[in-house]
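Analysis of the macromolecular model
Residues per chain are reported as follows:
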Amino acid sequence: MPTLIEDTIAAISTPLGKSGLGVIRLSGKDSRRIALSLFSAPHNNIEDRVPVLGRVFEPSTGDVIDQAVVTYFQAPRSFTREDLVEISCHGSPVVLKGILRLALEAGARLASPGEFTLRAFLRGRIDLVQAEAIRDLIEAQTLFQVKVAQEQLTGSISRRIRPAKDGLVQLISLLEAGIDFAEDDVSVLPEAEVGRRLSDIEAGLGPLRASFALGKIVSSGLSIALAGRPNVGKSSVFNALLHEDRSIVTEIPGTTRDLVSETTQIQGIPVRLMDTAGIREANDRVEQLGIDRSVEALADADQVLFIVDGSEPWTTLDAEILLRLERRSYLLVVNKVDLAQELDERSLPLGAKLVCRVSAKTGQGIDDLGRALFKEYGLQEGQGGLITNLRQEQLIESALVALEKCQQSLIHQMPHEVILLDLYSALKALNALTGETTVEDILDNIFSTFCIGK
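Residues numbered from 1 in each chain as written. Predicted model: local features only at pLDDT ≥ 70, side-chain atom pairs only at ≥ 80, totals over all residues. Heavy atoms only, no water.

Looking now at the packing of aromatic side chains. Counted according to the given criterion, the structure contains one aromatic pair. A centroid spacing of 6.3 Å and a plane angle of 85° characterise the contact between Phe 306 and Trp 314, whose relative ring orientation is edge-to-face. The pair formed by Phe 306 and Trp 314 is uniform in burial state, with each residue classed as buried. Seen from the ring of Phe 116, Arg 25 lies directly overhead, with NZ or CZ sitting 5.3 Å from the centre. (Phe/Tyr/Trp six-rings, centres within 6.5 Å; stacked < 30°, edge-to-face > 60°. Buried < 20%, exposed > 50% of the residue type's maximum accessible area, 1.4 Å probe, protein only. Lys NZ or Arg CZ within 6 Å of the ring centre and 35° of its normal.)

Below, the structure is given as structure tokens:
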């Protein structure tokens, strides 16, 4: 990805394909000149932040390509903090490509993926976490993901780490002063005060690191497998959660013989649901293959819904399946509550985690089940400042590891010069998180995942 940001770039910023409107974006010192060279504006002028209706034409022939609205954003009051022009025209791929071609012929360069956002970052409009939030916002599949990305875009993570960074800078300054001006009667910070300040910084970063457990679920979603013995209504619960008849349902035990999966959203979280074959002693080789795949799905899933039949007593087969799940995360769901209940909760094994009772047939309790899944991971509306990707989590972890080394150095009465080395390491990690200090290959990795035109 180019590191020089003095040239003018151009790209189609709307998805390719037929649409009512399309946008071509230009950014750089020559944006306004290029736009005026191919746009007939009144008095041959476009003013800052004033949309102008006119015609885009072929400069060499004067042929009109399309009617368009051109908006000029004068630096630094633009997304990239450069002169920026947006040309809104009809969303015909032919028209959009034609106008882009004219802009390139007039001196612009085709933008690399994510280069507009990269320029916004390099010129200080946004930090690196906010740049990642733009990508997450574009790729969001649910409104909840949109809300989390918007919170990051408004600086929620940056605000959460700011006290830690300020605390590190203050502590580094005090320790450096104590070392550099020891002969000038500058007081050295007491060890207890250094420890207290370190603990305060750690207390601020710890919850942020812990938020990754939730953030990765918001970002990547969950895979949930439905398990249980045959004919407990797994497929019916599967269909009820999907709100469609995706899996075949009959009263014959063992109807589902293969893994059936479908993607949906539950409480705003992308979810891949997997309906598995009923686990039992197989009657034939085909059913056994389905059961084998079910066992694999249970091992790979993020969460398991263990479905039992409330209209029947607890069985030996239920207990055997539960044994398979003891070492992993599962939620026990009692189905068929619309029928006379024979399942005595007191017969459940000690430690079995009963979440809720549902009727897949009538829909009773299905919404409660969705909320229970949501609650299980501690997700709630307005959840702000979540760490949502591995890069962010690893840098927070690096900072905390460096701070723990500082604490250990204090315990072993190491010189302040040694403590300062780890303090600088912690500060470097937090600066890399927001992009204040980073390396070019990391920037390339982040911005190359953007679409062209963003």
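Bringing the packing of helix H4 (residues 128-139) against helix H5 (residues 143-153) into the picture now. Two elements in contact, H4 and H5, have axes separated by 8 Å at closest approach and are oriented at 160°. Between H4 and H5, the angle falls in the class roughly antiparallel. For the pair H4 and H5, the sense of crossing is left-handed. Contacts between H4 and H5 involve Gln 130, Ala 133, Ile 134, Asp 136 and Leu 137 on the former and, on the latter, Val 146, Ala 149, Gln 150, Gln 152 and Leu 153. Residues of the contact of H4 with H5, tallied by class, amount to six nonpolar, three polar and one charged. (Axes fitted to C-alpha atoms, helices over the stretch in contact; angles between N-to-C directions. Helix = DSSP H or I, 4+ residues; strand = E, 2+ residues; numbered from the N terminus. Parallel < 35°, antiparallel > 145°, perpendicular 65-115°, else oblique. Left-handed = near helix turned anticlockwise from the far one by under 90°. Contact = heavy atoms within 4.5 Å. Nonpolar A, V, L, I, M, F, W, Y, C, P; charged D, E, K, R; others polar.)

The next subject is the layout of surface pockets. Picture a little ball the size of a water molecule; that probe, rolled over the atoms, points out where space is still empty. Each pocket or cavity is described by its volume, and for the second largest pocket that value is around 200 Å³. Taken together, Arg 135, Asp 136, Glu 139, Ala 140, Gln 141, Gln 145, Val 148, Ala 149, Gln 152, Val 218, Ser 219 and Thr 388 make up the full set of residues lining the second largest pocket. Only H4, H5 and helix H8 (212-220) provide two or more residues apiece to the lining of the second largest pocket. Top contributing element to the lining of the second largest pocket by residue count: H5, with four residues. Split by residue class, the lining of the second largest pocket holds four nonpolar, five polar and three charged. (1 Å grid on protein atoms, 1.4 Å probe; cavity = no way out; pocket = protein on both sides within 12 Å on 5 of 7 lines; lining within 4 Å. Points joined across faces, edges and corners; volume = space filled by probe spheres on them.)

Bringing the nonpolar core into the picture now. In this structure, Leu 168, Leu 175, Leu 198, Leu 205, Ile 396, Leu 403 and Leu 423 are the most contacted members of the largest nonpolar core, which totals 33 residues. Elements that contribute at least two residues to this core include exactly helix H6 (156-180), helix H7 (191-210), helix H13 (390-411) and helix H14 (416-434). Apart from the residues within four sequence positions on either side, Leu 198 is in contact with Leu 171, Leu 403, Cys 406, Gln 407, Leu 410 and Leu 423. Core analysis: the next-biggest nonpolar cluster, separate from the first, contains 31 residues, Leu 241, Ile 266, Cys 356 and Leu 386 among them. (Core = buried A, V, L, I, M, F, W, Y, C linked by side-chain atoms within 4.5 Å.)

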